[in-house]
Amino acid sequence: MDGLAELTGVRMLWFADYYDGPLDGLAVFEGREYWFIAVADDRGVPVDQERRCYVLHAISDEQAQAEWADHRDFVVVVGGPGCVNTPACARGPGDADAAAAWHRDHPWDTRPDHASATAIGWFRG
């Protein structure tokens, strides 16, 4: 987080990964969508303790649209969770077989690496 400004007014829309709280996902700041990623704070506190720190990364409109498409598909097929925006995404009933199929067709290691995108600042969750 060295050299990055602390941002206020960041609103998380939804998360893609979660462990005791959101780890990454889409947020809006000053009317634009960004990818957020949880990081250890400047005291070295791990992401799973206290209030998390997140870094916002600039992604293109096309990348944001692709992430929205994957997110909506996930929520409809698997049934959520993930939405923290208002209004929340429509949730399907989901079932174990559908969830397994979705995860098979969307392997985690093929997701885009938004951490390599330009960081614009950080915020606390």
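Quick caveat: nothing in here was measured; it's all calculated off a predicted structure.

So, the overall build of the protein
The helix and strand inventory of the protein stands at 2 helices and 5 strands. Overall, the protein shows an N-to-C arrangement of helices and strands of β-β-β-β-α-α-β. By residue count, 39% of the 125 residues in the protein fall in the buried class. Partitioning the contacts of the protein with sequence separation of at least 6, the portion at a separation of at least 24 is 56%. Approximately 7,200 Å² of the protein is accessible, and the part contributed by carbon and sulfur atoms is 51%.

So, the sheet that holds strand S5 (residues 119–124)
One open sheet holds the 5 strands; their spatial order is S1-S2-S3-S4-S5, and the pairing between them is antiparallel. For this open sheet the edge positions go to strand S1 (11–18) and S5, each flanked by a neighbour on one side alone. In this sheet, adjacent strand axes meet at a mean angle of 30° when their direction is disregarded. Two elements, strand S2 (residues 22–29) and strand S3 (residues 32–39), share 6 bridges in a ladder whose sense is antiparallel. If you follow Leu26 over to S3, its bridge partner there is Trp35. Against the sheet, helix H1 (residues 61–78) touches S1, S2 and S3, its axis set at about 65° to S1.

Let's talk about the side chain of Arg52
Within the secondary structure, Arg52 is located in the loop between S3 and strand S4 (53–58). Of the residues examined, Arg52 reaches a relative accessible area of 6% and is grouped as buried. Polar contacts involving the side chain of Arg52 include one to the main-chain carbonyl oxygen of Tyr19, which spans 2.3 Å. At 2.8 Å, the side chain of Arg52 forms a polar contact with the backbone oxygen of Gly21.

Definitions and cut-offs
Residues numbered from 1 in each chain as written. Predicted model: local features only at pLDDT ≥ 70, side-chain atom pairs only at ≥ 80, totals over all residues. Heavy atoms only, no water. Helix = DSSP H or I, 4+ residues; strand = E, 2+ residues; numbered from the N terminus. Buried < 20%, exposed > 50% of the residue type's maximum accessible area, 1.4 Å probe, protein only. Contact = heavy atoms within 4.5 Å. Areas by Shrake-Rupley, 256 points an atom, 1.4 Å probe, with all protein chains shown as cover. Pairing = 2+ DSSP bridges. Axes fitted to C-alpha atoms, helices over the stretch in contact; angles between N-to-C directions. Polar contact = N/O pair within 3.5 Å; in protein donor to acceptor, adjacent residues only side chain to side chain.

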